[in-house]
Amino acid sequence: MLIQLSGIERTYTVGTEKVHALRGVDLSIDAGEWVAIIGQSGSGKSTLMNVIGCLDTPTRGTYFLNGKDVARMDDDSLADVRNREIGFVFQNFQLLPRETALANVELPLVYRGVKAAVRHARAQEALVKVGLADRVHHRPNELSGGQRQRVAIARALAGEPSLLLADEPTGNLDSATGEEIIKLFTQLHEQGHTIVLVTHEPKLAARCPRAVRLSDGLVVADGPGKEVALISVAA
Amino acid sequence: MNARIDILEGSRIALKSLRAHRLRTLLTTVGIGIGVATLLAILGITQGLDTSFAKQLESLGSSTLYIQKSPWVQMGNWWEFRNRKDLTWAHAEGVRRLSTYATAVAPMVSRNEEVKFHDLSMAAVEISGTTSDYLQVTGFEITRGRFFGESDDDSRSTVAVLGMDVVDTLFPHSDPIGAPIRIGDRVYTVVGTLSRKGKILDESQDEIVLIPFHTHQSQFGAQRSIAIGVSVATPDALDAAEDQLVGIMRRLRQTPPDKPDDFAINRPEQLASTYNQLTGALFGVAVGIGFITLLVGGIGIMNIMLVSVRERTREIGVRRALGARKRTIVVQFVLEAMTVSAVGGALGTALGLGGAKLVSLVTPLAATVKPGTVFFGVGFAALVGLVFGIWPAFRAAQLDPVEALRHE
């Protein structure tokens, strides 16, 4: 079991009001799975993604990632877990604008303390893997949206994390480019990567072998992507 | 993750960011640069003043005492000093006879007179009547000719020894030795010239003519208090010599035991402490102004760093998501602040050194800057960057990664 969430609650205090974003989520994901987390805005899916990505810690509940109890870790340890275990892919790419594609991809390795020569080689390799061998020294503003997202995926892969965590990865792309990105995820899944994909699009969730539907801070459906996505259409 | 990586990566990011914002960097740099320049120029001038003053005091003689009617630094009733009994030749003779510490005792009496040679003249030259001990007491040397001796004094000879400023003015092209010069209504024969001493507190020591003591009295009258210059073997003997001189003078002047000294024993080093008292406060204020300028520069750094942190909120979020610890973010921004400051410090150092040089060229102050001051300038600026960069850096590190990633 790669991810084991049980009884996860997350409460925010906004002013004097308490907002229950997650109200007791139980979820297990095995290594090698490709799981979509689907839900409408306000369903708690972003909060869940942040908790899974160790960017946020739950108010209550336990979270084991790759055997480590990450729910109670301090800030430094969480930073290290993010660095080693998780590869983020964001909706708006989140590349550093002044750095080349190569430097962007190297970043997680920099924070891991990998030597420059090894770093270059591994970043290069990751860029080749996403089909950007000829764009290594380009800066983000010299790349198309699809290419930028490929750089971001290469960056997520470079650290060889146990989990790829993608947040609406096709949200800022046209449908053709989005399709290419989904194909890339499909390939990565076939190569054995574990992928958690957060989306509000049922069509995208339907492409995933498994989908989890969140509503009002609770898991309301968990099953094959096609079925869970259909339920959403019915609802 | 270790500190080495934090610093390496931090420096790389810092340089990149500074290059990306050239104008902003330059303006911030100027602020800190002006602060460092001000501080360095002030320090340079201070150091220069101190060294030149110390040198000047040395030329007064480091093992010399002057017995006079009133102290150089007068604290108290001026009238009381004025009404004291005059010091006379007899006192000088008494000191010479009784003091076991004195190696030379020179009575000195002075007034200002015009000195002429043919159609050249020099106004208000110090005419000093003294004896041959004068040389040892004051540290002057005879560079040409001879000094006058006891026989010259006994016979009230009209012979003169000239300071170099007088030589320069009256004898620009001719040899002074043997020349007749006119002082007041008498003609003197030049028998020697003195070595050049330079200035003390912007006052030339070489605008002087020496004549035998009694010649001076016979021409200008004996109704003037004299000064008695006493030199001792080593500076260490000054305190003991002073004690002894006080005793001798009180005896010679028959000062009643219940009355305070009616004379003063002056030492050049007293001038030093007075000088320090007078200038210390002034330099304090000047250095304070320098620090305030630096403070303003530092606030500029803090401001720009806060802007930088705000602008790069998303970048901070990305770095945190990819595994940067808080400490890494702190180091990154502190290094950025320190780099800007250090560049400013380098500029300011160049400017400050230039300023000090300029001051030494256009004013009589000899502004000197020690080589170590340069490192001080750059290092101090970097420290300012550290101090004023640390708060913005901590703010950057405290950002919630989730919020930071969402920042527009």
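What you see is a predicted model, and the numbers here were worked out from it, not measured in a lab. (Residues numbered from 1 in each chain as written. Chains lettered and ligands numbered in written order. Predicted model: local features only at pLDDT ≥ 70, side-chain atom pairs only at ≥ 80, totals over all residues.)

Undergrad: Outline the overall build of chain B, listing residues and values.
TA: Along the backbone of chain B there are 14 helices and twelve strands. In terms of overall dimensions, chain B has a C-alpha envelope of 105 × 60 × 35 Å along the principal axes. By the burial criterion, 41% of the 408 residues in chain B qualify as buried. For chain B, contacts bridging at least 24 residues in sequence account for 83% of all contacts bridging at least 6. (Helix = DSSP H or I, 4+ residues; strand = E, 2+ residues; numbered from the N terminus. Buried ≥ 20, exposed ≤ 12 C-beta atoms within 10 Å, placed from the backbone. Contact = placed C-beta atoms within 7 Å.)

Undergrad: Outline the domain arrangement of chain B, listing residues and values.
TA: Here chain B is described as being made up of domain 1 (3-56 + 272-406) and domain 2 (85-262). Taking only C-alpha atoms, the centre of domain 1 of chain B and the centre of domain 2 of chain B are 55 Å apart. (Domains from an automatic or database assignment.)

Undergrad: Can you lay out the interface of chain B and chain A for me, pointing to particular residues and giving the numbers?
TA: Taken together, the contact pairs 20 residues of chain B with 20 residues of chain A. Of all the elements in the fold, those that place two or more residues in the side of chain B that touches chain A are helix H1 (3-20), helix H11 (313-321), helix H12 (326-362) and helix H14 (401-406) of chain B. It is H11(B) that contributes the most residues to the side of chain B that touches chain A, five residues altogether. Class assignment for the residues of the side of chain B that touches chain A results in ten nonpolar, three polar and seven charged. (Nonpolar A, V, L, I, M, F, W, Y, C, P; charged D, E, K, R; others polar.)

Undergrad: Could you give an account of helix H4 (residues 89-98) of chain B, with specific residues and numbers?
TA: Residue and element names in this part refer to chain B. Of all the residues in H4, the buried ones are His-91, Ala-92 and Val-95. Taken down its axis, H4 places every buried residue within 100° of arc, on the same side. Along H4, the residues that are exposed and aim more than 90 degrees away from the buried face are Ala-90 and Arg-97. Where H4 is buried, its residues touch strand S2 (102-117), strand S11 (227-232) and helix H9 (238-253). (Arc of directions from axis to C-beta.)

Undergrad: Before we move on, could you go through the packing of helix H10 (residues 268-311) of chain B against H12(B) and cite the residues and values that matter?
TA: Residue and element names in this part refer to chain B. Interaxial distance between H10 and H12 falls to 10 Å at its minimum, and their mutual angle equals 140°. Considering the angle they form, H10 stands oblique to H12. Remark: the crossing between H10 and H12 carries right-handed chirality. Every residue of H12 that contacts H10 at Gly-297, Ile-301, Met-305, Ser-308 and Val-309 is listed here: Phe-333, Glu-336, Ala-337, Val-340, Ser-341 and Gly-344. Here the residues of the contact of H10 with H12 are counted per class, giving six nonpolar, four polar and one charged. (Axes fitted to C-alpha atoms, helices over the stretch in contact; angles between N-to-C directions. Parallel < 35°, antiparallel > 145°, perpendicular 65-115°, else oblique. Left-handed = near helix turned anticlockwise from the far one by under 90°.)

Undergrad: Could you give an account of the sheet that holds strand S3 (residues 34-38) of chain A, with specific residues and numbers?
TA: Residues and elements named next belong to chain A. Taking strand neighbours across the sheet as the criterion, the six strands line up as S6-S7-S8-S3-S9-S10 in an open arrangement whose pairing is mixed. Of all strands in the sheet, those bounded by a partner on one side alone are strand S6 (86-89) and strand S10 (218-224). Neighbour to neighbour, the strand axes of the sheet diverge by 20° on average, direction disregarded. Strand direction decides the pairing type here: strand S7 (residues 163-167) and strand S8 (residues 195-199), joined by four bridges, are parallel. Across the sheet, Leu-164 pairs through a bridge with Ile-195, a residue of S8. (Pairing = 2+ DSSP bridges.)

Undergrad: Tell me about the nonpolar core, residues and numbers included.
TA: Judged by nonpolar contacts, the single largest core of 117 residues is most densely connected at Ile37(A) and Ala154(A). Sort the elements by how many residues they give to this core and H12(B) lands first, with 13 residues. In contact with Ala154(A), other than residues within four places in its own chain, are Val105(A), Ala126(A), Leu127(A), Lys129(A), Val130(A) and Leu132(A). Listed in part, the 47 residues of the second largest apolar core include Ala102(B), Val105(B), Ala160(B) and Met249(B). (Core = buried A, V, L, I, M, F, W, Y, C linked by C-beta atoms within 7 Å.)

Undergrad: So what about the pairing of S7(A)? Which residues, and what values?
TA: Residue and element names in this part refer to chain A. With five of its five residues buried, S7 lies for the most part within the structure. On S7, burial covers both faces: Leu-163, Leu-165 and Asp-167 on one face and Leu-164 and Ala-166 on the other are all buried. Judged from the four bridges that link them, S6 and S7 form a sheet pairing that is parallel. When the sheet's bridge partners are listed, Gly-87 is paired in S7 with Leu-164. Chirality of the crossover, the property in question, places the unit of S7, helix H6 (residues 175-190) and S8 among those that are right-handed. (Right-handed = clockwise from strand over helix to strand, strands pointing away.)

Undergrad: Tell me about helix H8 (residues 213-220) of chain B, and name the residues and values.
TA: All names here are of chain B. Within the sequence span of H8, burial applies to Phe-213, His-214, Thr-215 and His-216. Against the buried residues of H8 lie H4, S2, strand S3 (120-130), helix H6 (150-154) and strand S10 (208-212). At the exit of H8 stands Gly-221, carrying a positive phi of roughly 95°.

Undergrad: Before we move on, could you go through the confidence of the model for chain B and cite the residues and values that matter?
TA: Residues and elements named next belong to chain B. Mean pLDDT over chain B stands at 87; residues scoring 70 or higher make up 95%. Predicted confidence in chain B is weakest over strand S8 (residues 199-200), with a mean pLDDT of 72, and strongest over strand S5 (residues 159-162), with 96. Quick note on the complex model: pTM equals 0.71, ipTM equals 0.94. (pLDDT = per-residue confidence, 0-100.)

Undergrad: I'd like to hear about the sheet that holds strand S5 (residues 68-69) of chain A, residue by residue, with values.
TA: Pairing in this open sheet of four strands is antiparallel, and the strands run S2-S1-S4-S5 (chain A) from one edge to the other. With partners counted over all chains shown, the strands left at the sheet margins are strand S2 (17-29) and S5 of chain A, one partner each.

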